[in-house]
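So you can see what is in the structure, the chains are spelled out below.
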Amino acid sequence: MVSRMIIDINTCFGFYPYRKVDASLEILKSILKSHQAKALSLSLKGIFYDATEGNEETLSLLKDETNVYPIATYDPRAYPKGIEFLEGLKSKGFLGIAFFPRLQSWVIDFAPFRETLEILKNESIPIIIHTSGYGELTKISLLAREIKSPFIIAGFNYSNLSEAIAVMKKVENIYIESHLFNSPDALEYLKKYTGTDRIVFGSGAPLLSFETALGVIEKSYLSDEEKEGILSRNLERIIGVKL
């Protein structure tokens, strides 16, 4: 494996309520160190308990970190509670914001989510949406036409590629995160129809295997330049920051 820069857009830390797993920040940092990687991350408290408290914990715990960068989250079911925290996210130090409709049981065409996106319209930061299921990316594409921020979709796998390709051909600010690509063929398929400039690396660590997600990229037949793009350069271009 050629040594290259790795930035993981899909990591987290904290207490995970659905199974016994050590998802501490120390474990995450250990995983990243073993691969000489960097990551964007957030506290699980923001997903499962309270977004504002989780965001504050994310900033507090990551303020002195050099390889782990904060992203925010918000649960639209709480709207309008805590919505004011989303104003000025970039000035607070966040590099993106993540939404979790699957884990929180809300749908993309949920009115409070649309209201939340209106507040984020002027932030110009990546909007990361963890979702799956046929039709979800199509709904997201309608929102992405109105709000020109980058939309990064996490949770799509090989079976959803037809929808991803159809949408990405029409909407330029849709990007795909890679952690559920369980076959290197998925990357080659996307390359053929959409190119690789809108694919970014994510693993789901420490809840999921960093090694497995990385292996899919490394074992593909993409060029070294294309792999480097997916593993770091595409994301740096999206967020406009050299990490």
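See the structure shown above.
Residues numbered from 1 in each chain as written. Predicted model: local features only at pLDDT ≥ 70, side-chain atom pairs only at ≥ 80, totals over all residues. Heavy atoms only, no water.

## Side note on the pairing of strand E7 (residues 151–154)
So, point 1. A two-sided burial pattern is seen for E7, the buried positions comprising Phe151 and Ile153 on one face and Ile152 and Ala154 on the other.
So, point 2. For strand E6 (residues 127–130) and E7, the ladder comprises 4 bridges, and the chain directions are parallel. For isoleucine 129, the partnering residue across the bridge sits in E7 and is isoleucine 153.
So, point 3. Note that the unit made of E6, helix H7 (residues 136–146) and E7 has a crossover that is right-handed. (Buried < 20%, exposed > 50% of the residue type's maximum accessible area, 1.4 Å probe, protein only. Helix = DSSP H or I, 4+ residues; strand = E, 2+ residues; numbered from the N terminus. Pairing = 2+ DSSP bridges. Right-handed = clockwise from strand over helix to strand, strands pointing away.)

## So, the environment of proline 76
So, point 1. Structurally, proline 76 can be placed in the loop between strand E4 (72–73) and helix H4 (89–92).
So, point 2. C-alpha of proline 76 to C-alpha of tryptophan 106: the two residues are 30 residues apart in sequence and 8.2 Å apart in space.
So, point 3. Ignoring any residue separated from it by four or fewer positions in sequence, one finds proline 76 in contact with Phe99, Gln104, Trp106, Phe110, Pro112 and Phe113. (Contact = heavy atoms within 4.5 Å.)

## Concerning the packing of aromatic side chains
So, point 1. Scanning the model with the defined rule gives 10 aromatic pairs in all.
So, point 2. Aromatic pair tyrosine 16 and tyrosine 18: ring centres 5.6 Å apart, planes at 85°, arrangement edge-to-face.
So, point 3. Taking the relative accessible area as the measure of exposure, tyrosine 18 reaches 54% and is therefore exposed.
So, point 4. Ring centres of tryptophan 106 and phenylalanine 113 lie 4.9 Å apart, and the angle between their planes is 45°; this geometry places the pair in the tilted category. In this structure, tryptophan 106 and phenylalanine 113 share a single accessibility class: buried.
So, point 5. Members of the aromatic cluster, joined through ring pairs, are Phe99, Trp106, Phe110 and Phe113. (Phe/Tyr/Trp six-rings, centres within 6.5 Å; stacked < 30°, edge-to-face > 60°.)

## Examining the side chain of threonine 11
So, point 1. Tracing the sequence through the fold places threonine 11 in strand E1 (residues 6–13).
So, point 2. Looking at threonine 11, its side chain comes within polar contact range of the main-chain oxygen of leucine 40, at 2.8 Å.
So, point 3. A distance of 2.9 Å separates polar atoms of two side chains, one belonging to threonine 11 and the other to serine 41.
So, point 4. Excluding residues within four positions of it along the chain, threonine 11 makes contact with Leu28, Ala39, Leu40, Ser41, Leu42, Ser203 and Ala205. (Polar contact = N/O pair within 3.5 Å; in protein donor to acceptor, adjacent residues only side chain to side chain.)

## Notes on the packing of H7 against helix H8 (residues 161–170)
So, point 1. Put simply, H7 and H8 touch, their axes get as near as 9 Å, and they point 10° apart. With respect to each other, H7 and H8 are oriented roughly parallel. Helix-helix and strand crossings are classified by hand; for H7 and H8 the assignment is right-handed. Taking contact as the criterion, the partners of Glu136, Leu137, Thr138, Ser141 and Arg145 in H7 are, on H8, Glu163, Ala164, Val167 and Lys170.
So, point 2. Here the residues of the contact of H7 with H8 sort into 3 nonpolar, 2 polar and 4 charged. (Axes fitted to C-alpha atoms, helices over the stretch in contact; angles between N-to-C directions. Parallel < 35°, antiparallel > 145°, perpendicular 65-115°, else oblique. Left-handed = near helix turned anticlockwise from the far one by under 90°. Nonpolar A, V, L, I, M, F, W, Y, C, P; charged D, E, K, R; others polar.)

## Overview of a nonpolar patch on the surface
So, point 1. A surface patch of nonpolar side chains, amounting to about 290 Å² of accessible area, comprises Tyr158, Tyr189 and Tyr193.
So, point 2. Assignment of secondary structure puts tyrosine 193 in helix H9 (residues 184–194).
So, point 3. For tyrosine 193, a relative accessible area of 35% translates into the label partly exposed. (Patch = residues over 30% accessible without salt bridge, like charges linked within 9 Å, V, L, I, M, F, W, Y side chains within 5 Å. Areas by Shrake-Rupley, 256 points an atom, 1.4 Å probe, with all protein chains shown as cover. Salt bridge = Lys/Arg side-chain N within 4 Å of Asp/Glu carboxyl O.)

## Focus: the sheet that holds strand E2 (residues 37–43)
So, point 1. Sheet architecture is open: 3 strands sit in the order E1-E2-E3, paired in parallel fashion. The sheet terminates laterally at E1 and strand E3 (68–70), the two strands that pair on one side only. Averaged over all adjacent pairs, the angle separating strand axes in this sheet is 30°, with direction ignored.
So, point 2. Two elements, E1 and E2, share 6 bridges in a ladder whose sense is parallel. Residue pairing in the sheet places threonine 11 in a bridge with serine 41 of E2.
So, point 3. Set on the sheet, helix H1 (residues 25–34) makes contact with E1, E2 and E3; between it and E2 the angle comes to about 160°.

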